[in-house]
Amino acid sequence: MKSRWSDEEAGRCAGDLALRVYTSRLLGAEPALVLHGGGNTSVKSSSVNLFGEEERLLYVKGSGWDLETIEPAGFAPCRLQPLLALSRLPALSDSQMAAELRKSLTDLNAPSPSVEAILHAILPARFVDHTHADAILTMTNSPRGDERVRELFGDRLVYIPYVMPGFKLARLCAQLYPAQAGRNTVGMLLLKHGLFTFGETAQESYERMIELVSLAEGYLARRGAWAPVSLEPHERAAGEPTAEALRTDIATLRQAVSETAGSPLILSVHSDAGTRAFATRPDIATLSQQGPATPDHVLRTKRVPLLGRDLAGYAAAYREYFRAHGGPPLTMLDPAPRVILDPKLGLIAIGRTAKEAAIVEDIYRHTMQMIAGATLLGGWEALPAQDIFDVEYWDLEQAKLRQGASPPAFTGEIAVVTGAASGIGKACVASLLARGAAVIALDRSASVTSLHRRKDYLGLTCDVTSETGIRQALEQGVRAFGGVDMLVLNAGIFPPSAPVSALSSESWRDTMSVNLDANLILLRESHPLLERSPRGGRVVIIGSKNVPAPGPGAAAYSASKAALQQLARVAALEWGADRIRVNTIHPNAVFDTGLWTPEVLAARAASYGISVEEYKTNNVLKVEVTSRDVAELAAELCGPIFAKTTGAQIPVDGGTVRVI
Ligand SMILES: [Zn+2]
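Since the model is a prediction, treat every value here as computed from it, not as a measurement.

### Things to note about the overall build of the protein
On a plain count of helices and strands, the protein comes out with 24 helices and 18 strands. In terms of principal-axis extent, the alpha carbons of the protein reach across some 95 × 70 × 50 Å. Looking at the protein residue by residue over its 660 residues, the buried ones come to 55%. Across the protein, contacts joining residues at least 24 apart in sequence account for 72% of those joining residues at least 6 apart. Only carbon and sulfur atoms are counted for the fraction: they give 54% of the accessible area of the protein, which is about 27400 Å².

### Considerations on the coordination of the zinc ion
Protein coordination at the zinc ion comes from Glu-116 (OE), His-130 (NE2), His-132 (NE2) and His-193 (NE2), with a distance range of 2.1 to 2.7 Å. Taken together, the four donor atoms surrounding the zinc ion define angles of 78 to 162° at the centre, an arrangement classified as irregular. Between consecutive donor residues of the zinc ion, the sequence gaps follow E-x13-H-x1-H-x60-H. Taken together, the residues span a long stretch of sequence, with Glu-116 in the loop between helix H4 (94-103) and helix H5 (117-122) and His-193 in the loop between strand S6 (187-190) and strand S7 (194-199) at a distance of 77 residues. Neither Glu-116 nor His-193 differs from the other in exposure class; each is buried.

### Let's talk about helix H18 (residues 423-434)
Given 3.6 residues per turn, any residue in an α-helix points the same way as the ones three and four places further on. The end-to-end C-alpha distance of H18 is 17 Å, a good match for the 16 Å that 12 residues give at a rise of 1.5 Å each. Across the 12 residues of H18, nine count as buried, placing the element largely inside the fold. Of all the residues in H18, the buried ones are Gly-423, Ile-424, Gly-425, Ala-427, Cys-428, Val-429, Ser-431, Leu-432 and Leu-433. Downstream of H18 by one or two residues, Gly-436 has phi in the positive range, about 95°.

### What about the sheet that holds strand S13 (residues 438-443)?
Spatially, seven strands are ordered S14-S13-S12-S15-S16-S17-S18 in an open sheet, and the strand pairing comes out parallel. Of all the strands in the sheet, the pair left with one neighbour each is strand S14 (457-461) and strand S18 (649-652). Across the sheet, the axes of successive neighbouring strands diverge by a mean angle of 15°, strand direction being ignored. Two elements, strand S12 (residues 414-418) and strand S15 (residues 486-489), share three bridges in a ladder whose sense is parallel. Paired with Ala-415 across the bridge in S15 is Met-486.

### With respect to the sheet that holds strand S8 (residues 266-270)
Reading across from one edge, S8-S11-S10-S9 is the order of the four strands in this open sheet, with mixed pairing throughout. Each end of this open sheet is capped by a strand with a single partner; those strands are S8 and strand S9 (306-307). Direction of pairing for S8 relative to strand S11 (residues 346-351): antiparallel, over a ladder of five bridges. Considered in S11, the bridge of Ile-266 is made with Gly-351. Relative to the sheet, helix H10 (residues 243-261) contacts S8, strand S10 (339-342) and S11, its axis offset from that of S8 by approximately 140°.

### Topic: the pairing of S7
A regular strand places its side chains on the two faces of the sheet in alternate fashion. Along S7, six of the six residues are buried, which leaves the element largely enclosed by surrounding structure. Of the two faces of S7, the one holding Gly-194, Phe-196 and Phe-198 and the one holding Leu-195, Thr-197 and Gly-199 are both buried throughout. Here strand S4 (residues 127-131) pairs with S7 via five bridges, running antiparallel. Note that in S7 the partner of Phe-127 across the bridge is Gly-199. Counting the residues that bridge the hairpin from S6 to S7 gives three residues, and of these Lys-192 lies at a positive phi of roughly 55°.

### Thoughts on the environment of Leu-345
Mapped onto the fold, Leu-345 is located in the loop between S10 and S11. Accessibility expressed as a relative area gives 1% for Leu-345, which makes it buried. Considered as a pair, Leu-345 and Thr-449 are 104 residues apart in the sequence and their alpha carbons are 26 Å apart. Once residues within four sequence positions are removed from consideration, Leu-345 is found in contact with Leu-246, Ile-250, Leu-253, Val-269, His-270, Ser-271, Arg-276 and Arg-309.

### A look at the packing of aromatic side chains
Two numbers describe a pair of aromatic rings. These are the distance of the centres and the angle of the planes. For the coordinates displayed, the defined rule picks out 11 aromatic pairs. Arranged with centres 6.1 Å apart and planes meeting at 50°, the rings of Phe-322 and Phe-389 form a pair that is tilted. Placement of Phe-322 in helix H14 (residues 311-325) and of Phe-389 in helix H16 (residues 385-392) is noted, with a sequence separation of 67 residues between them. Taking the relative accessible area as the measure of exposure, Phe-389 reaches 2% and is therefore buried. Taking the centre distance of 4.5 Å and the plane angle of 20° together, the rings of Phe-389 and Tyr-393 count as stacked. Considered together, Phe-389 and Tyr-393 belong to a single accessibility category, that of buried residues.

### Comments concerning the environment of Ala-437
Tracing the chain through its elements places Ala-437 in the loop between H18 and S13. Using a relative accessible area of 0% as the deciding quantity, one classes Ala-437 as buried. Spatially, the C-alpha atom of Ala-437 lies 48 Å from that of Pro-124, the residues being 313 residues apart in sequence. Not counting residues up to four positions away in its chain, the partners in contact with Ala-437 are Phe-410, Glu-413, Leu-432, Asp-456 and Met-486.

### Points about a negative patch on the surface
Among the surface-exposed residues, Asp-592, Glu-613, Glu-614, Glu-624 and Asp-629 lie close enough to one another that they form a single negatively charged patch. Residue placement: Glu-613 occurs in helix H23 (residues 612-616). A residue is classified by how much of its surface remains accessible, and Glu-613, at 52% relative accessible area, is exposed.

### Things to note about the environment of Leu-92
Note on placement: Leu-92 falls in the loop between helix H3 (80-87) and H4. Taking C-alpha positions, Leu-92 is 9.6 Å from Gly-166, a pair spaced 74 residues apart along the chain. Sequence-distant contacts of Leu-92, defined by excluding residues within four places in its chain, comprise Leu-86, Met-97 and Phe-167.

Cut-offs and rules
- Residues numbered from 1 in each chain as written.
- Predicted model: local features only at pLDDT ≥ 70, side-chain atom pairs only at ≥ 80, totals over all residues.
- Heavy atoms only, no water.
- Helix = DSSP H or I, 4+ residues; strand = E, 2+ residues; numbered from the N terminus.
- Buried < 20%, exposed > 50% of the residue type's maximum accessible area, 1.4 Å probe, protein only.
- Contact = heavy atoms within 4.5 Å.
- Areas by Shrake-Rupley, 256 points an atom, 1.4 Å probe, with all protein chains shown as cover.
- Donors = N, O, S within 2.8 Å, 3.2 Å for Na, K, Ca; no water.
- Tetrahedral: all angles 85-135°; square planar, octahedral: opposite > 155°, others 65-115°.
- Expected span 1.5 Å × (residues − 1).
- Pairing = 2+ DSSP bridges.
- Axes fitted to C-alpha atoms, helices over the stretch in contact; angles between N-to-C directions.
- Phe/Tyr/Trp six-rings, centres within 6.5 Å; stacked < 30°, edge-to-face > 60°.
- Patch = residues over 30% accessible without salt bridge, like charges linked within 9 Å, V, L, I, M, F, W, Y side chains within 5 Å.
- Salt bridge = Lys/Arg side-chain N within 4 Å of Asp/Glu carboxyl O.
- Lys, Arg positive; Asp, Glu negative; His and termini not counted.
- Charge placed at Lys NZ, Arg CZ, Asp CG, Glu CD.

Next up, the structure:
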């Protein structure tokens, strides 16, 4: 592992806290040291309080902050004295400890101090760094792990046997550290948990972390146990599924997982050679069922992955694990897995959101690496189930459950939007993301790929008139999120105005191809996915006022939208039994869309003999209708308010005299 320290960058940091932020970020940038909120750091300092007294302070990482992106405001300023006093108490519950940690703050607006704050307080050095380094965990989670680390690091470290993080660990360290520490001590190793290093400067503490972790990596490398997970080419199984069968297969699995969890979940499927090689190891049944690398991973990944597809078996085993290690009055978490290892699909990462699923993927990829390494040292030895359970169900986590705010309406659900790069489609993407859905956005314009940069957005360049293009897009979407719950059919073209007597066959065919034929393909190809939606599928068709009230010069457009409307009505009839609702919105005069160039607008206004301005608000309510108005209605149509509505046609047009 290479040090990322730069004298130049460090030179720009004014003061200890700035340096603390700098090296915390260096640690956070290294996934082999910490992942997603793991690890924590601190610096000791002093300041003069309101009464002119000098107080010693501990700035320690606040909970909810990630080392990779932490800022000065992410460090909680605690008075050091009360923390040291707490470390001498014989007992304290973790929720009491959390309350006492908050009381020690000098700034009540600061984040809650890390639960490992007391550990940082008792270590005398000014700077303290703590990580859950892969190489250290690989060593301590292998046979004779504690002997290996003692041989390698000798008296440079103090060794602490595993106990539950929180007050018990702080108390044990407060006793063992002074007893073991000597002249050479530069850190403290918590077996099967992680490593602390410290120093008088930010650089010293950081460089010690890098040096010790590098020693561990070297130790593993010399034993051939620090190679990437084997990327042996996976043998293609006989009867490899077609892409279509694969989509349905994944959606079926997601439906079952969501049912087990009691709410829709996102599944991301990673079928690369590495994950498939791991999932098909002959010893996978033993290896994968030992437990996580470090206990706090349990909060993301559950204790063990599901091997294969027996969800009922997994859920029954989880209930038994809950009963055997804790049981009531604790509140049982949902019994669905968060990681599935499947010989055909590879690694499947599961979360309530796409972001959570991405975190699960990262953690499990590192876990596979550590398991593979430890196995080469003789075996993977995770903590006993009770220790993992205690972290999964500890007070502070249960308290979070009790407080749990209700998540956005479409959390765990997936929507496809066509024509998503601009206008109504773009607005639909925003409305669906705002309600917690993951969105697969299709558009022929490549700008769709960069519309949003977030884990729950997948923008794909796709010509919806291409059957192959649609199939490929659906496959990519289903691999990313696990299925399709909502389909918003928005892509459409508005050809140049032409009377029927002069309407070219080409313009007619082009219009039908995009506005009608493409939607048949999308409906047909999405049906198996919508049918497997945990809450029932929903289709929203963006129709047009031209269906009930066509305008002169718009024959192709009006006819295509009218035919689309008939298609939607038949789909509503046919798919009701599959719990799929199909509804149509008829917008009119939405001018902030790609269809309405100034020329088209002027031509339409002229055909009614009014000005452009009058044309824009030419409705009963005299209001302008925006893309956002249409998008919000489309999103609501997918929600619970319209749960008992299908086959409906709803105008969003400010009221049209000819329709009313
Ligand atoms: Zn830790």
